[in-house]
Amino acid sequence: MNRVLQFLERGITSANPFLMYLCFFLFVLLVIKFKTQGATKYKNLPPSPPKLPIIGNLHQLRGIPHQAYRALAQKYGPLMYLHLGCKPTLVVSSADLARAVMKTYDHVFASRPEMMFSKRLLYGLMDVAFTPYGEYWRQGRKVCVVQLLNAKKVQSFQSSREEEINLMLEKIEHASLSNSVVNLSEMFTSFTNDNVCKIAFGRKYNEGELAGRQLRTILNEFTYFLGAFNIADFIPSLAWVNYLNGLNARLEQNFSQIDSFLDEVIEDHIGKKKIINDDGGGKNEEEADFADVMLGIEKDASTHFIPFARECTKAILLDMFAAGTDTTSITLDWTMSELIRHPKIMKEVQKEVRDIARGKLLITENDIEGMHYLRSVLKEALRLHPPLPLLVPRESMEYITLQGYDIPAKTMVIINAAAIGRDPKYWEEPEKFWPKRFLKNGTSASVDFRGQDFQFIPFGAGKRGCPGITFAISAVELALANILNRFDWALPNGNAKDLDMQEGFGITAFKNTELVLTAKPHY
Ligand code: HEM
C-alpha cells in the first residue's frame, strides 16, 4: 500500500496542467472537510499510529502489506485501529484475538467489505468468497461444499487428480532426459489449473500453448485486480485517477475476457445437455461436473430461497478457480523452495516417501496415509508462507467491544495470519524451517490448520474459513509425494542458501522469482 503515493503521482503527472490545478483544489477542499468533521462518537478505540489528513495511515504501509502491518503491530500492539483513507480498519495480530474474531464473535465479523474491483469482476459480488454475509452467501457456500468440496466428493476426484499428477511427472521426466531445467513454478500452476478445470468444468481449458498462455494471462490479471490497491476504495473522491492511469480500462478489458471465457464454458455445458438438479436427482449425475450442477440450480430455482441467475453461476465458477488454483500452486512452490534450502530435510522426507512407495512409480492417495513427515513439511511451509497472509478481509456487522475497546459497525478487519504464524509466544524458533515441531513429541505436535488452533490459520477459521481445505491438501500432498519420490532435485547452479525467497506483491504471497530446478530420475 505504499503504492498509494506512487499511484497518485503517476495519475497526476500524466495529466495536463489543468487537471493538476483541479487536483490541488480538490485536495484543499478535502483537507477542509476533514478538519471540520465532527469527532468520532467512539472514544475508546484500539491503539492507532498517528494519521495524516485524507490518507490516514496509508503512508505507513510501505512494502509487503503483511510485513508492514507486523512492524506496526510490534509498536502499537496486536489490536490496532488504522484509517486506510476513509476506511476504518482493525488489524489483528495475535492468536487470542484471532480466536475472539473468528470464533467467539464470528457472528459479528462474518461479513466482507465491499471492494470496487472485486465487485466489478465478480458480477456485483455474486460469488462466495467476497460476497457479504447473508442468505445468498450461505446458499452459495453450501452448494460449493455439497457439490465439490466435501471429503466424499474430493475422494471421488482421486483418479482425475492422479491422472494430472502423472502428466506432470511425464513432463518433468521429459525435461530431465533432455537435460533441460524444470520450471517447477510453471508446472505447479498448470497442474493446479488443470486439476480444478477438469473437476469443476469437466475439461481443461488451456489446450494448446497459445490458449494456455492466454488463459493464464487473463487469470493473472484477474488475481492482480482482486489484490490491487484501488485508490477509489479508500479515497472515493480520487476515483477519477483510475481513468487517467488506465486502470479502469484494464479492468473492463479483463472483465470482458473473463466473461467470454465463462460463456465458452457454459456454452459447452449447455451443448452437452447434461444439466441435473443440485439435489443429485438428475439423470446423469455420474457425468455431471460442478458447472452442470450450477446450471441445474439456475434452471430449478424453486429449490432455493434465492433464485440463481446466470451471473451467479459465472461468479461462483470463477470463485472456485480464483480461490483454488493460485493458493495451491503457491503452497507447492514454497514447500519445494524450503526443501531445496534444507537438503537434510529434503533427504529425510524423500526417505520416508520412498520407503513407503517401495519402488512404485506413481504414489496413490492410500500410500500418503503413513507419510507423517511429508505432512509436517507441508504444515511448516504453510506456517512460514501462508498463501493468503492476511486471509480475506472481514467486516464487522454491528458495534461490539473487544478487549474493552469500541469497534464500530462496518469496520474492515484484517487478520495477520503470517505474523501470528511466526509469533514467538506460540512457536519455538519461529523463523526456522523445522518440520519436526509438528511430529509426535514435537513442540507443536497437536497443532493443525483446520481452524481450531488460532496460532496456525493459513485457511482462516469460523464461518468464513476456507471450505476448500480437503480439496487443496489432497492435491498438494499427492503432488509433493510424487515429485519427491520420482526425482532428485537441485538448483541448476549456485548455492541453495542463496535461493531468492522474496515475496511478490498481491493478495496472495507468491514467490517473487520462479522456482527453476534440475530433476534427476531416481528410478
Ligand atoms: C492451499 C490452498 C488454499 C489456501 C491456503 C486457502 C486459504 C483460504 C483463506 C485464508 C480463506 C479466507 C478464510 C477466512 O476469511 O477466514 C479462504 C476462503 C475460501 N477458499 Fe480457500 N484456500 C485454499 C484452497 C482453496 C480451494 C482449493 C478452494 C476451492 C476449490 C477454496 C475455496 C475457498 C472459498 C470459496 C473461500 C471463501 C469462503 C467464504 O468466504 O465463505 N480454497 N481460503
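- The name that an unreviewed UniProt entry assigns to the protein is Cytochrome P450, with the source organism given as Aquilegia coerulea.
- You can read under Cofactor (unreviewed entry) in the UniProt record for the protein the words "heme".

A closer look at the UniProt feature "transmembrane region" (unreviewed entry) in the protein
And step 1. Sites flagged by UniProt as "transmembrane region" (unreviewed entry) map to residues 12-32 and 222-243.
And step 2. The annotated region residues 222-243 carries 59% helix and 0% strand content, and the separation between its end C-alpha atoms amounts to 18 Å.

Side note on the packing of helix H19 (residues 372-384) against helix H21 (residues 469-486)
Two measures define how a pair of helices packs: the angle their axes make with one another and the distance between the axes.
And step 1. Two elements in contact, H19 and H21, have axes separated by 11 Å at closest approach and are oriented at 115°. In the crossing of H19 with H21, the sense of the turn from one axis to the other is right-handed. The residues of H21 that touch H19, namely those facing Leu374, Arg375, Leu378 and Leu382, are Ile473, Val476, Glu477, Leu480, Ala481 and Leu484.
And step 2. Considering only residue class, the contact of H19 with H21 consists of eight nonpolar, no polar and two charged.

Observations regarding the nonpolar core
And step 1. Counting 57 residues, the largest nonpolar core has Ile172, Leu184, Met336, Leu339 and Trp489 as its most contacted members.
And step 2. For this core, the secondary structure elements donating two or more residues are helix H8 (158-177), helix H9 (184-201), helix H16 (326-341), helix H17 (343-357), H19, H21, strand S8 (487-490) and strand S9 (516-521).
And step 3. Looking at which element gives the most residues to this core, the answer is H21, with 10 residues.
And step 4. Listed in part, the 51 residues of the second largest apolar core include Trp137, Phe222, Ala315 and Leu318.

Some details on the coordination of the iron atom of the ligand
Octahedral six-donor coordination of a metal ideally yields angles of 90 or 180 degrees, compared with 109.5 degrees for tetrahedral four-donor coordination.
And step 1. One donor from the polypeptide reaches the iron atom of the ligand: Cys466 (SG), at 2.3 Å.
And step 2. Along the chain, Cys466 falls in the loop between helix H20 (417-420) and H21.

Rules of the game
Residues numbered from 1 in each chain as written. Predicted model: local features only at pLDDT ≥ 70, side-chain atom pairs only at ≥ 80, totals over all residues. Heavy atoms only, no water. UniProt positions renumbered as here; feature names shortened; annotations may be inferred. Helix = DSSP H or I, 4+ residues; strand = E, 2+ residues; numbered from the N terminus. Axes fitted to C-alpha atoms, helices over the stretch in contact; angles between N-to-C directions. Left-handed = near helix turned anticlockwise from the far one by under 90°. Contact = heavy atoms within 4.5 Å. Nonpolar A, V, L, I, M, F, W, Y, C, P; charged D, E, K, R; others polar. Core = buried A, V, L, I, M, F, W, Y, C linked by side-chain atoms within 4.5 Å. Buried < 20%, exposed > 50% of the residue type's maximum accessible area, 1.4 Å probe, protein only. Donors = N, O, S within 2.8 Å, 3.2 Å for Na, K, Ca; no water.

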